[in-house]
Amino acid sequence: MNSSHNSPEKRLKEMLEKLKESDCRITPQRYAVLNVLANSFEHPSAESIHLELIENYPTMSLATVYKTINLLKRAGEILELEFSDLSNRYDGKKPYPHPHVICSQCGKIVDPSHLNLEEITNKMMEETGFKILTHRLDFYGLCSDCQ
Ligand code: ZN
Ligand code: MN
């Protein structure tokens, strides 16, 4: 589950398997939402997934996108990034906690790949006596387009 180099095909298969395990019916529309999430590095919002699919699936509703996302959330197969000032964004490629770099101007979100949290986490546990279970680590700035 923690392999970060999953191909879109492999990731799609994993999501489908997990949803089938929890007895979810995979309709063509749900499949299309999963496919976008398995392929997207952009951390899309529900609205942007809907926009991307509406052309090929004219009957696709935003509610269907949200329902599919909720099924994935229940199955632990998607990471939800909540924001107070913009739409929630989703990472279907890496459904486990990991750091993000976020553009305060345009909302672009990127996964930094060379950040080893293991050492930091271990030191933190030593220092605080906490058993660290999860984290949320966001770095804000201006992307190269917005600078
Ligand atoms: Zn930007
Ligand atoms: Mn991510």
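Just so you know, these numbers come straight off a predicted model, no measurement behind them.

### A word on the nonpolar core
Ranked by internal contacts, the top residues of the largest apolar core, which has 21 residues, are L37 and I49. Sorting the residues of this core by element identifies α1 (8-21), α2 (28-39), α3 (46-54) and α4 (62-74) as the ones contributing at least two each. Sort the elements by how many residues they give to this core and α2 lands first, with 6 residues. Judged by nonpolar contacts, the second largest core, of 5 residues, contains L79, F83, I102 and I109.

### Some details on the pattern of salt bridges
On inspection of all chains with the given rule, the structure shows 7 salt bridges. Residue E119 is joined to K123 by a salt bridge in which the shortest nitrogen-to-oxygen separation is 3.3 Å. With E119 and K123 both in helix α5 (residues 117-128) and 4 residues apart, this pair spans about one turn of that helix. Of the two residues, E119 and K123, neither departs from the other in class, the shared state being exposed. In this structure, D138 engages R136 in a salt bridge whose closest nitrogen and oxygen atoms are separated by 2.9 Å. Among the residues examined, R136 registers a relative accessible area of 45% and is labelled partly exposed. Salt bridges sharing common partners tie together R11, E14, K18 and E77.

### Overview of the coordination of the manganese ion (ligand 2)
Every protein donor of the manganese ion (ligand 2) is accounted for by H43 (NE2), D91 (OD), H98 (NE2), H100 (NE2) and D111 (OD), and the metal-donor separations fall at 2.0 to 2.2 Å. For the manganese ion (ligand 2), the donor residues sit on a single chain with the sequence spacing H-x47-D-x6-H-x1-H-x10-D. Of the two residues, H43 sits in the loop between α2 and α3 while D91 sits in strand β2 (residues 89-91), which places them 48 residues apart along the sequence.

### So, the packing of aromatic side chains
Considering all chains together, one arrives at 0 aromatic pairs under this definition. Against the face of F41 rests K93, its NZ or CZ located 4.5 Å from the ring centre. If you follow R136 out to its NZ or CZ, it ends over the ring of F83, 5.3 Å from the centre.

### A closer look at the coordination of the zinc ion (ligand 1)
Within the protein, C103 (SG), C106 (SG), C143 (SG) and C146 (SG) serve as the donor atoms for the zinc ion (ligand 1), at 2.2 to 2.3 Å. Coordination at the zinc ion (ligand 1) comes from 4 donor atoms whose angles at the metal span 104 to 114 degrees, giving a geometry best classed as tetrahedral. Mapped onto the sequence, the donors of the zinc ion (ligand 1) take the spacing C-x2-C-x36-C-x2-C. With C106 in the loop between β3 (100-103) and β4 (109-110) and C146 in the segment after β5 (138-141), this pair connects stretches of sequence that are 40 residues apart. Overall, C106 belongs to the partly exposed group, its relative accessible area being 46%.

### Some details on the packing of α3 against α4
Packed helices, taken two at a time, are described by the angle between their axes plus the distance between the axes. Contact geometry for α3 and α4: axes closest at 9 Å, N-to-C directions at 120 degrees. The angle between α3 and α4 places the two elements in the oblique class. Pair α3 / α4 crosses with right-handed handedness. Together, A46, E47, I49 and H50 of α3 and L62, V65, Y66 and I69 of α4 make up the contact between the two elements. Residues of the contact of α3 with α4, tallied by class, amount to 6 nonpolar, 1 polar and 1 charged.

Cut-offs used in this document
- Counting restarts for each chain, with residues numbered from 1 along the sequence as it is written.
- Lettering of chains starts at A and numbering of ligands starts at 1, both following the order in which they are written.
- Reporting of local features is limited, given that this is a predicted model, to residues whose pLDDT is at least 70; pairs of side-chain atoms are given and counted only at 80 or more, and all residues count toward the totals for whole chains, interfaces and linings.
- Hydrogen atoms and water are omitted, and side-chain values are computed over all heavy atoms in the structure.
- We call a set of buried residues a nonpolar core when its members are Ala, Val, Leu, Ile, Met, Phe, Trp, Tyr or Cys and they connect through side-chain atoms within 4.5 Å of each other.
- We call a residue buried when its accessible area falls under 20% of the maximum for its residue type, exposed when it is over 50%, and partly exposed in between, using a 1.4 Å probe and counting protein chains only.
- In this text, helices come from DSSP runs of H or I with a minimum length of four residues, and strands from runs of E with a minimum of two, each type numbered from the N-terminal end.
- A carboxyl oxygen of Asp or Glu within 4 Å of a side-chain nitrogen of Lys or Arg is what we treat as a salt bridge.
- Because water is not among the atoms used, a metal site may look incomplete, as its donors are only the N, O and S atoms within 2.8 Å, or 3.2 Å for Na, K and Ca.
- Stacked, tilted and edge-to-face are the three classes applied to pairs of Phe, Tyr and Trp rings, where Trp contributes its six-membered ring and a pair requires centres within 6.5 Å; stacked means planes under 30 degrees apart, edge-to-face means over 60, and tilted covers the rest.
- Charges are assigned to positions over rings by a cutoff of 6 Å between ring centre and Lys NZ or Arg CZ, combined with an angular limit of 35 degrees from the ring normal.
- A four-donor site is called tetrahedral if each angle lies between 85 and 135 degrees; a four-donor site is square planar, and a six-donor site octahedral, when trans pairs exceed 155 degrees and the remaining angles lie between 65 and 115; all other cases are labelled irregular.
- Axes here mean lines fitted to C-alpha atoms, for a helix over just the part in contact, with angles spanning 0 to 180 degrees between N-to-C directions.
- Small angles under 35 degrees read as roughly parallel and large ones over 145 as roughly antiparallel, with 65 to 115 read as roughly perpendicular and the rest as oblique.
- Whether a crossing is left-handed or right-handed is set by the direction in which the near helix is turned from the far one by less than a right angle, anticlockwise for left-handed and clockwise for right-handed.
- In what follows, a contact means two residues having at least one pair of non-hydrogen atoms within 4.5 Å.
- Gly is placed with the polar residues, together with every amino acid not listed as nonpolar (Ala, Val, Leu, Ile, Met, Phe, Trp, Tyr, Cys and Pro) or charged (Asp, Glu, Lys and Arg).

Read these as layout, nothing more, since geometry by itself doesn't imply function.
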